[in-house]
Amino acid sequence: MINFGVDQIRAAVVGIDLHRGHLDMSVATMPASPEVAKAVVDKNIALMDWARKSAIPVIHLVTRYRDAKEISMNAFWRTRAADPNNPRKNVMKHNLVGMPGCEIMPGIYQLDVDFVVDTKKRYNCFVATDLEFLLKTHNINTLIITGVNTNSCVLSTVTAACSMDYAVIVPSDCVDTMDHPSLHDAALLCIKTAFGFVMTSAEVMQLPELKIS
């Protein structure tokens, strides 16, 4: 048994930006590699299928902007858009309302079962969304956080969740990045050092603390 720091785990899976804007090479504005995209989609499908069977809620966070003005408010992002060699150079064109990139990847979302929060506009999924309200409504105290990018949205959300006193678990094979693999590894190291637990999805699914009694 692992001590996760809570008396009784009440978990939810929080999938971050598992959308076509990162993971579908035909429409992605800020794509991960095809290999990364396939691996992270496949692992998330398996984990989320298990979660539903285990009566663990699945929540999808999807980045979506009304217009580029909402993006350009971020000073650092403006510098990324100004650099033609930066992987995030398309940030001002990323996941605007109506773009196909805003759609969750096929197989990941289950209609009428999962929750969707599609007002995410910054790396930290708690900023300007009702994620915290949703978690409190369902008495969630433990977050199983998945998605992309490990070194931006995942890391930012994990650090925020830790500071808000949630227990955090990150399945290492259900997160990845459009950036260099070393940044994925560095983010996981930061998380397991100071913010939460890192383990494989297979290990998560075997946790006796998450079994249905």
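Residues numbered from 1 in each chain as written. Predicted model: local features only at pLDDT ≥ 70, side-chain atom pairs only at ≥ 80, totals over all residues. Heavy atoms only, no water.

### Points about unusual backbone geometry
For the bond running from V148 to N149, omega is -5 degrees, close enough to zero to count as cis. Of note, N149 is situated in the loop between β4 (142-148) and α6 (150-163). At D165, a position not held by glycine, the phi torsion is positive, near 75 degrees. Positionally, D165 belongs in the loop between α6 and β5 (167-171). Looking at D165, the relative accessible area reads 68%, which means it is exposed. (Helix = DSSP H or I, 4+ residues; strand = E, 2+ residues; numbered from the N terminus. Buried < 20%, exposed > 50% of the residue type's maximum accessible area, 1.4 Å probe, protein only.)

### Details of the environment of N74
Its place among the elements puts N74 in the loop between α3 (68-72) and α4 (75-81). Separated by 48 residues in the primary sequence, N74 and R122 place their C-alpha atoms 8.8 Å from one another. One polar contact links the side chain of N74 to the main-chain amide nitrogen of F76, over a distance of 3.1 Å. (Polar contact = N/O pair within 3.5 Å; in protein donor to acceptor, adjacent residues only side chain to side chain.)

### Concerning the pairing of β5
Burial analysis of β5 places 5 of its 5 residues in the buried class, the great majority of the element. Of the two faces of β5, the one holding A167, I169 and P171 and the one holding V168 and V170 are both buried throughout. Looking at chain direction, β4 and β5 are connected through 3 bridges and run parallel. Within β5, the position partnered with L143 by the bridge is V168. Handedness of the crossover joining β4 and β5 through α6 is recorded here as right-handed. Pairing of β5 with strand β7 (residues 197-199) involves 3 bridges; the strand directions are parallel. Following the sheet pairing, I169 is matched in β7 by F197. (Pairing = 2+ DSSP bridges. Right-handed = clockwise from strand over helix to strand, strands pointing away.)

### Describing the packing of aromatic side chains
Per the stated rule, a full pass over the model turns up 3 aromatic pairs. Centroid distance W77 to Y123: 5.3 Å. Interplanar angle 65 degrees. Geometry classified as edge-to-face. Of this pair, W77 sits in helix α4 while Y123 sits in the loop between β3 (115-120) and α5 (131-137), and the two are 46 residues apart along the sequence. Accessibility expressed as a relative area gives 5% for W77, which makes it buried. Residue classification places Y123 among the partly exposed positions, given a relative accessible area of 27%. On the basis of an interplanar angle of 20 degrees and a centroid distance of 6.1 Å, the ring pair of F126 and Y166 is categorised as stacked. Here Y166 lies in the loop between α6 and β5 and F126 lies in the loop between β3 and α5, a separation of 40 residues in the sequence. Note on Y166: relative accessible area 9%, which makes it buried. (Phe/Tyr/Trp six-rings, centres within 6.5 Å; stacked < 30°, edge-to-face > 60°.)

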